[in-house]
Amino acid sequence: MIRDHESNRGRTGRLPVIDLAPSAWDEFQGAARAIESDPFENFDSFVRETASVASTLPAAVIDAVTAFAAHGNSAGALLIRHTPPLTELPPTPTVVRHRAVTTDRLSEIVMLAVGALVGHPLSYAQERNGAFLQDVHPIRSQERKVSSQSSAVDLGYHSEMMFHPTPPDVLMLYVVRHDHGRQARTQLSSARDFLGDLTQATIDALHRPEFMIEVSRLHSPYLAAGQPVRAVTDGPAFAVLTGTIQDPVLRFEPELTRALTSNAERALVELENAVLRHQRGEALEQGSMLLIDNRRAVHARTRYEARYDGTDRWLRRMHLIRHEAGDIVPRPVRLSTDLKQGWSS
Ligand SMILES: O=C(O)CCC(=O)C(=O)O
Ligand SMILES: [Fe+2]
């Protein structure tokens, strides 16, 4: 969603960070060089190969990511700075492509190796042609749209894929290249931080399925009850909050949400204000990797300058679904779900 005003540009708190000396990554870099498969030719074999080098990641990364995947943290995010630098950086794409490989595949390898500590890579047939590794960079035609490809407007707080029956548990963002002015700040607000601001009446209202997803605003080729979403006026009804007070689960994107009662409307506005009071974040720099606990935290991005000359900001994005106990070998999960079917929370 977009909030084209100053409200999410105030002071922000810090994110939990891991920032290691380059030598801590030596063993991993050696193991990465031996990986043969191509993430865009044979993703399944790439997932297997990269999982086998996860044990060579720095111990501090393994410990922090494993703990984050198991228990979360109060920030709802974990930032890993200074992952090994890429040897050669291709120009930032300026049009939507489904294949933009970094020359040494190091960004793809580090994403999948860290991802293997969290869970399974997840793709949606209707998002970017089912790509697991998605490029996020400015696109001129999207400059002012409600889109991760916008740049001239703020991208407001949202849960990733909140409109889908199965949103990712964890969203991974890897910064291939930061923007010129380091204006783009990635921001987070965590339920463990902001829920304390809400009254019990508001929390109860958010727990009731009195919200509807405005599926007709989606741009992708989704179906809802077998119909193209463009023509669907009554999307699924849902509760913004599920889970417990100790472990809240959230689906948040006001831009895609219609409150069905005035009570629900008031609760959503109160929630938006609480989200804005508890922001953390920063301008992520090249080589940083951010893990977001997508069911317990919402994220946003401030506006920045785009030039469309190959030097713009470029992120790689991957969705992850947590491992079940005893099922720790990552395997790609491909979803192609009707938006009105398969809802649990
Ligand atoms: O550009 C960013 O920092 C975040 C964009 C975003 O929300 C996303 O790619 O899901
Ligand atoms: Fe997002």
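Residues numbered from 1 in each chain as written. Chains lettered and ligands numbered in written order. Predicted model: local features only at pLDDT ≥ 70, side-chain atom pairs only at ≥ 80, totals over all residues. Heavy atoms only, no water.

Draft legend 1. Representation of the overall build of the protein chain within the structure. For the protein chain, the helix and strand inventory stands at 7 helices and 19 strands. The C-alpha atoms of the protein chain give a radius of gyration of 19 Å, which matches the 20 Å a tight globule of 345 residues would have. Projected onto the principal axes, the alpha-carbon positions of the protein chain cover approximately 60 × 45 × 40 Å. Classification of the 345 residues of the protein chain by burial places 57% in the buried group. A fraction of 84% describes how many contacts in the protein chain between residues 6 or more apart in sequence connect residues 24 or more apart. Summing over all exposed atoms, the protein chain offers an accessible surface of approximately 14,100 Å²; the carbon and sulfur share of this is 50%. Positive and negative charge centroids in the protein chain, built from 38 and 42 side chains respectively, lie 3 Å apart. (Helix = DSSP H or I, 4+ residues; strand = E, 2+ residues; numbered from the N terminus. Rg over C-alpha atoms; globule rule 2.2 N^0.38 Å. Buried < 20%, exposed > 50% of the residue type's maximum accessible area, 1.4 Å probe, protein only. Contact = heavy atoms within 4.5 Å. Areas by Shrake-Rupley, 256 points an atom, 1.4 Å probe, with all protein chains shown as cover. Lys, Arg positive; Asp, Glu negative; His and termini not counted. Charge placed at Lys NZ, Arg CZ, Asp CG, Glu CD.)

Draft legend 2. Region of interest: the site of ligand 1. Around ligand 1 there are 13 residues in total, and Glu-160, Thr-186, His-299, Arg-313 and Arg-317 lie nearest to it. Arg-313 places a side-chain nitrogen or oxygen 2.8 Å from an oxygen atom of ligand 1. Contact distances for ligand 1 include 2.9 Å between an oxygen atom and a side-chain N or O atom of Arg-317. Out of a free accessible area of 300 Å², ligand 1 has 100% covered by protein chains. Only strand S5 (155-158), strand S6 (170-177), strand S17 (297-301) and strand S18 (314-322) provide two or more residues apiece to the shell around ligand 1. For the shell around ligand 1, the per-class residue count stands at 5 nonpolar, 4 polar and 4 charged. (Near = heavy atom within 4 Å. Polar contact = N/O pair within 3.5 Å; in protein donor to acceptor, adjacent residues only side chain to side chain. Nonpolar A, V, L, I, M, F, W, Y, C, P; charged D, E, K, R; others polar.)

Draft legend 3. Layout of the confidence of the model for the protein chain. In the predicted model, the protein chain carries a mean pLDDT of 92, and the fraction of residues at 70 or more is 95%. Below a pLDDT of 50 lies the segment residues 1-10, which in the model reaches 45 contacts outside its immediate sequence neighbourhood of four places, other chains included. (pLDDT = per-residue confidence, 0-100.)

Draft legend 4. Layout of the environment of Asn-294. By the secondary structure assignment, Asn-294 is in the loop between strand S16 (289-293) and S17. Sequence separation of Asn-294 and Pro-168 is 126 residues, and the distance between their C-alpha atoms is 6.6 Å. With sequence-adjacent residues up to four places away left out, Asn-294 is seen in contact with Ser-159, Glu-160, Pro-167, Pro-168, Asp-169, Val-170, Leu-171, Leu-250 and His-299.

Draft legend 5. The coordination of the iron ion (ligand 2), seen in detail. Distances from the iron ion (ligand 2) to its protein donors, namely His-158 (NE2), Glu-160 (OE) and His-299 (NE2), fall within the range 2.0 to 2.2 Å. Expressed as a motif, the donor residue spacing for the iron ion (ligand 2) is H-x1-E-x138-H. Pair noted here: Glu-160 is in the loop between S5 and S6 and His-299 is in strand S17, with a separation of 139 residues, a long-range link. The exposure classification of Glu-160 matches that of His-299, with both residues buried. (Donors = N, O, S within 2.8 Å, 3.2 Å for Na, K, Ca; no water.)

Draft legend 6. Structural view of the sheet that holds strand S15 (residues 279-282). In space, the 4 strands of this open sheet follow the order S5-S17-S7-S15, with antiparallel pairing throughout. Across the chains shown, the open sheet's two edge strands, defined by having one partner strand only, are S5 and S15. Neighbouring strand axes in the sheet, compared pairwise and without regard to direction, differ in orientation by 15° on average. Relative to S17, strand S7 (residues 186-190) runs antiparallel, the two sharing 5 bridges. Looking at the pairing, Gln-187 lines up with Ala-300 of S17. Here helix H7 (residues 262-277) sits on the sheet and contacts S5, S7, S15 and S17; the angle it forms with S15, its principal contact strand, is near 50°. (Pairing = 2+ DSSP bridges. Axes fitted to C-alpha atoms, helices over the stretch in contact; angles between N-to-C directions.)

Draft legend 7. Structural context of the pairing of S17. The buried fraction of S17 amounts to 5 of the 5 residues, a majority that puts the element mostly inside the structure. For S5 and S17, the ladder comprises 2 bridges, and the chain directions are antiparallel. Across the sheet, Leu-155 pairs through a bridge with Arg-301, a residue of S17.

Draft legend 8. Representation of H7 in the model. Here H7 contains 16 residues, and its C-alpha end-to-end distance of 23 Å stays within 8% of the 22 Å for a straight helix at 1.5 Å per residue. Taken residue by residue, H7 has Ala-264, Ala-267, Leu-268, Leu-271, Glu-272, Ala-274 and Val-275 as its buried positions. What you see down the axis of H7 is that its buried residues fit within an arc of 165°, all on one side. Every exposed residue of H7 that faces more than 90 degrees away from the buried side is listed here: Ser-262, Arg-266 and Arg-277. (Expected span 1.5 Å × (residues − 1). Arc of directions from axis to C-beta.)

Draft legend 9. Quick peek at the pairing of strand S2 (residues 77-81). Most of S2 sits inside the fold, with 5 of its 5 residues counted as buried. Where strand S1 (residues 17-19) meets S2, 3 bridges bridge the pair, whose relative direction is parallel. Of the residues in S2, the one forming a bridge with Ile-18 is Ile-80. Where S2 meets S16, 4 bridges bridge the pair, whose relative direction is antiparallel. Across the sheet, Leu-79 pairs through a bridge with Leu-290, a residue of S16.

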